[in-house]
Amino acid sequence: MGKIYDVIILGAGPAGLAAGLYAGRSRLSTLIVEKGKDGGQIAITDEIENYPGQIVEGESGPSLIARMTEQCEKFGVDRVSDTITSVQLEGDVKKLCSSKAEYEGKTLIIATGAFPRPIGCKGEKEFLGKGVSYCATCDANFFEDFEVYVVGGGDAAVEEAMYLTKFARKVTVIHRRDELRAAKSIQEKAFKNEKLHFMWDTVVEEVTGDGILSEMTVKNVKTGELTKIEADEDDGMFGVFGFIGRVPNTEILEGTALELDKGYIPTDQDMHTNIPGVFAAGDVRVKSLRQVVTAAGDGAIAATQCEKYLNEL
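Right, let's get into the overall build of the protein. Across its full length, the protein carries six helices and 17 strands. The C-alpha radius of gyration of the protein comes to 21 Å, within 12% of the 20 Å expected for a compact globule of 313 residues. Along the first, second and third principal axes, the C-alpha set of the protein runs to 65 × 40 × 35 Å. Relative to its 313 residues, the protein shows a buried fraction of 49%. In the protein, 59% of the contacts between residues at least 6 apart in sequence involve partners at least 24 apart. Working note: accessible area of the protein is about 15600 Å², and carbon and sulfur atoms make up 47% of it.

With that out of the way, let us pick up the side chain of S98. With respect to the secondary-structure elements, S98 resides in the loop between β5 (94-97) and β6 (102-110). For S98, a relative accessible area of 12% gives the class buried. The residues touching S98, leaving out its near neighbours within four places in the chain, are D82, T83, I84, T85 and Y103.

Where strands meet in a sheet, backbone hydrogen bonds hold them as pairs that are either parallel or antiparallel. Pairing within the open sheet is antiparallel, and its three strands lie in the order β12-β13-β14. The open sheet has two edge strands with one neighbour each: β12 (202-208) and β14 (226-230). For this sheet the average axis-to-axis angle between neighbouring strands, irrespective of direction, equals 25°. Of the pairings in the sheet, the one linking strand β13 (residues 215-220) to β14 comprises five bridges and is antiparallel in character. For T217, the partnering residue across the bridge sits in β14 and is K228.

What follows is about the packing of helix α1 (residues 14-25) against helix α2 (residues 61-74). Closest axis-to-axis distance for the α1/α2 pair is 8 Å, and the angle between their directions is 30°. Comparing the axis directions of α1 and α2 gives the class roughly parallel. For the crossing formed where α1 meets α2, the hand is left-handed. Of the residues in α2, those in contact with P14, L17, G20 and L21 of α1 are I65, M68, T69, Q71 and C72.

Below, the discussion takes up the side chain of Q187. Along the chain, Q187 turns up in helix α5 (residues 184-192). In contact with Q187, not counting residues within four places along its chain, are L180, R181 and A182.

Attention now moves to the pairing of β5. Sheet topology places strand β4 (residues 86-88) next to β5; three bridges connect them, and they run antiparallel. Bridge pairing links V87 to L96 in β5. In this antiparallel pair of consecutive strands, β4 and β5, the connection spans five residues, and G91 shows a positive phi of 100°. Following β5, the chain reverses through four residues before pairing antiparallel with β6.

This paragraph deals with the pairing of β12. In the sheet, β12 pairs with β13 via six bridges, with the strands oriented antiparallel. Counted as the bridge partner of T208 is E215 from β13. Where β12 folds back on β13, the antiparallel hairpin that results is connected by six residues, among which G209 adopts a positive phi of roughly 160°.

What follows concerns unusual backbone geometry. Not every positive phi belongs to a glycine, and K262 is a case in point at roughly 55°. Structurally, K262 can be placed in the loop between β16 (246-248) and β17 (278-280). Looking at K262, the relative accessible area reads 78%, which means it is exposed.

Enumeration according to the criterion identifies one disulfide in this entry. The side chain of C135 participates in a disulfide bridge whose partner is C138; the two sulfur atoms lie 2.1 Å from each other. Note on the C135 and C138 pair: the S-S dihedral is about 75°, so by sign convention the disulfide is right-handed. We note that C121 lacks a disulfide partner, and the nearest cysteine sulfur, in C135, lies 18 Å from it.

What follows deals with the nonpolar core. Residues V7, L17, I32, Y51, M68, I109 and F279 are the most contacted members of the largest nonpolar core, which totals 32 residues. Of all the secondary-structure elements, those providing two or more residues to this core are β1 (4-10), α1, α2 and α6 (292-312). Leaving out residues up to four positions away in the same chain, I32 has contacts with I9, G11, A12, G16, L17, G20, C72, V77, D78, R79 and V80. Core analysis: the next-biggest nonpolar cluster, separate from the first, contains 23 residues, A157, A168, A190 and F243 among them.

On to the packing of α1 against α6, then. Running from amino to carboxyl end, α1 crosses α6 at an angle of 35°, the nearest separation of the two axes being 7 Å. As α1 packs across α6, the resulting crossing turns out to be right-handed. On α6, the residues touching P14, A15, A18, A19, Y22 and A23 of α1 are V292, A295, A296, G299, A300, A303 and T304. A class-by-class count of the residues in the contact of α1 with α6 yields eleven nonpolar, two polar and no charged.

Rules and cut-offs
- Residues numbered from 1 in each chain as written.
- Predicted model: local features only at pLDDT ≥ 70, side-chain atom pairs only at ≥ 80, totals over all residues.
- Heavy atoms only, no water.
- Helix = DSSP H or I, 4+ residues; strand = E, 2+ residues; numbered from the N terminus.
- Rg over C-alpha atoms; globule rule 2.2 N^0.38 Å.
- Buried < 20%, exposed > 50% of the residue type's maximum accessible area, 1.4 Å probe, protein only.
- Contact = heavy atoms within 4.5 Å.
- Areas by Shrake-Rupley, 256 points an atom, 1.4 Å probe, with all protein chains shown as cover.
- Pairing = 2+ DSSP bridges.
- Axes fitted to C-alpha atoms, helices over the stretch in contact; angles between N-to-C directions.
- Parallel < 35°, antiparallel > 145°, perpendicular 65-115°, else oblique.
- Left-handed = near helix turned anticlockwise from the far one by under 90°.
- Disulfide = S-S within 2.5 Å.
- Core = buried A, V, L, I, M, F, W, Y, C linked by side-chain atoms within 4.5 Å.
- Nonpolar A, V, L, I, M, F, W, Y, C, P; charged D, E, K, R; others polar.

The following block contains the structure:
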């Protein structure tokens, strides 16, 4: 039988790395399992401005995550790169299985995160962080006095569009239907906002530019007509924010005894799930704010609760 860890952490985003730091520092034997790059969504963020204690002169997602990873290494956290295909969550020992190995732990912290649902247009990946964004709280400041477009028509899209009007000089909501899906109370506020405009029955076909987003092609879904939108000559660029939903990374948890809410994991304030010894942290949780700072806080709490759970066994 292989090693049974005190704590296994699934995911090496800010929540998973913060959990690893706290667990390792508490002298708990800890393993972090990550299938891709450390950092999750933040690893593809070029510039961060709102993480407390960051380098004020300029902090990128990768630079922040690199230091978090180094802290985990300092406190003896084991690491493995692997894709988990199935889990066994109940019982005294939790098991994570892949095609090549099985990992066992007395506690498990699920920190698999969530990712924005893509807009689905040509050029979207290439211009991520170069004009395309999925987070107004993260990136609104970079578009001060520029024009921005918001794709979506639900509560989140309209609320984020209104938030963006505090920074951008003009915000246009692009929606594939001829009316919003957002709650009526939110719509009423939106329609009163003079900086907010609407492009109905429209989808984004392509975004492009010379290294930075400056052109976009949209299509009217009723007529099929294509329209090219170009950045103001003085600006040289504009922003496109996608808010058509997020997708939690919880596919491997479906069909288990773990409670899910639209794919997200409900927890109490101490990150406990409905299964003893199983905790969740970060964007994968049901929560109101998904940011690096809240993910790190979740991870710290989850690791501390793992120690408490182990002490009570």
